[in-house]
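Residues per chain, in single letters:
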Amino acid sequence: MKKVYDHKGLAVEIKKFIKDNRLYRDIHFSREIIAKQLGISPARISLIFKEELETTFYDFVNKQRVYHARKLIKSPKHKDDTLEDIAIQSGFSNRMTMHRMYVKVYGITPGEERKNNKHDNEQ
């Protein structure tokens with residue numbers, strides 16, 4: 001008998017699980033890890049993201065990383081952190097990967113964001 005999956009329900013569950021547990025902050029986080037935790041195949045994870053969320057698993061994870069990086073960049077607590085530190089804390093393997101994704105999501109570089117945020121805080 002073939003298993004029937006509720007892709008819409010799984011999509012909601014996977015998104016919530018990743019966000020709630022901040023799994024994207026782990027540089028080694030992958031669809032294989034989440035698939036193993038949920039007892040489904042990595043290919044099914046990719047299919048769910050493509051069909052239900054109209055994105056890829058890795059684009060979703062990288063967007064979560066960018067959102068997290070932006071919070072850190074805007075946080076006074078992290079004003080002295082280097083962009084490399086922020087990239088690592090957000091789950092990116094390096095600053096340049098964060099830079100590329102940041103521009104893709106926000107249209108500006110993390111450095112420009114930091115500069116704009118500094119000016120906003122001074123006024």
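See the structure printed just above.
These numbers were taken from a predicted model, which means no experiment stands behind them.

What follows deals with the overall build of the chain. If you tally the helices and strands in the chain, you get 7 helices and 0 strands. Order of helices (α) and strands (β) in the chain, N terminus to C terminus: α-α-α-α-α-α-α. Residues classed as buried in the chain amount to 35% of the 123 residues present. Look at the contacts in the chain between residues 6 or more apart in sequence, and 59% of them connect residues 24 or more apart. Total accessible area on the chain is roughly 7800 Å²; 51% of this is exposed by carbon and sulfur atoms. Positive and negative side-chain charges in the chain, numbering 25 and 17 respectively, have mean positions lying 2 Å apart.

Our next topic: the side chain of His 78. Note on placement: His 78 falls in the loop between α4 (57–74) and α5 (83–89). For His 78, the contacting residues outside a window of four places in its chain are Leu 72, Ile 86, Gln 89 and Arg 114.

Core analysis: the largest hydrophobic core is formed by 16 residues, its most contacted members being Ile 14, Ile 18, Phe 29, Ile 34, Ile 45, Phe 49 and Phe 57. Elements supplying a minimum of two residues to this core: α1 (7–20), α2 (31–38), α3 (42–52) and α4. By residue number, the principal contributor to this core is α1, which donates 4 residues. Excluding residues that lie within four positions of it along the chain, Ile 18 makes contacts with Leu 23, Tyr 24, Phe 29, Ile 34, Phe 49, Phe 57 and Phe 60. Core analysis: the next-biggest nonpolar cluster, separate from the first, contains 11 residues, Leu 83, Ile 86, Ala 87 and Met 98 among them.

With that settled, consider the environment of Asn 94. Within the fold, Asn 94 resides in the loop between α5 and α6 (95–106). For Asn 94, a relative accessible area of 28% puts it in the partly exposed group. Taking the C-alpha atoms as reference, Asn 94 lies 19 Å from Gly 107; in sequence the two are 13 residues apart. In this structure, Asn 94 is in contact with Glu 84, Ala 87 and Ile 88, ignoring residues within four places of it in sequence.

Rules of the game
- Residues numbered from 1 in each chain as written.
- Predicted model: local features only at pLDDT ≥ 70, side-chain atom pairs only at ≥ 80, totals over all residues.
- Heavy atoms only, no water.
- Helix = DSSP H or I, 4+ residues; strand = E, 2+ residues; numbered from the N terminus.
- Buried < 20%, exposed > 50% of the residue type's maximum accessible area, 1.4 Å probe, protein only.
- Contact = heavy atoms within 4.5 Å.
- Areas by Shrake-Rupley, 256 points an atom, 1.4 Å probe, with all protein chains shown as cover.
- Lys, Arg positive; Asp, Glu negative; His and termini not counted.
- Charge placed at Lys NZ, Arg CZ, Asp CG, Glu CD.
- Core = buried A, V, L, I, M, F, W, Y, C linked by side-chain atoms within 4.5 Å.

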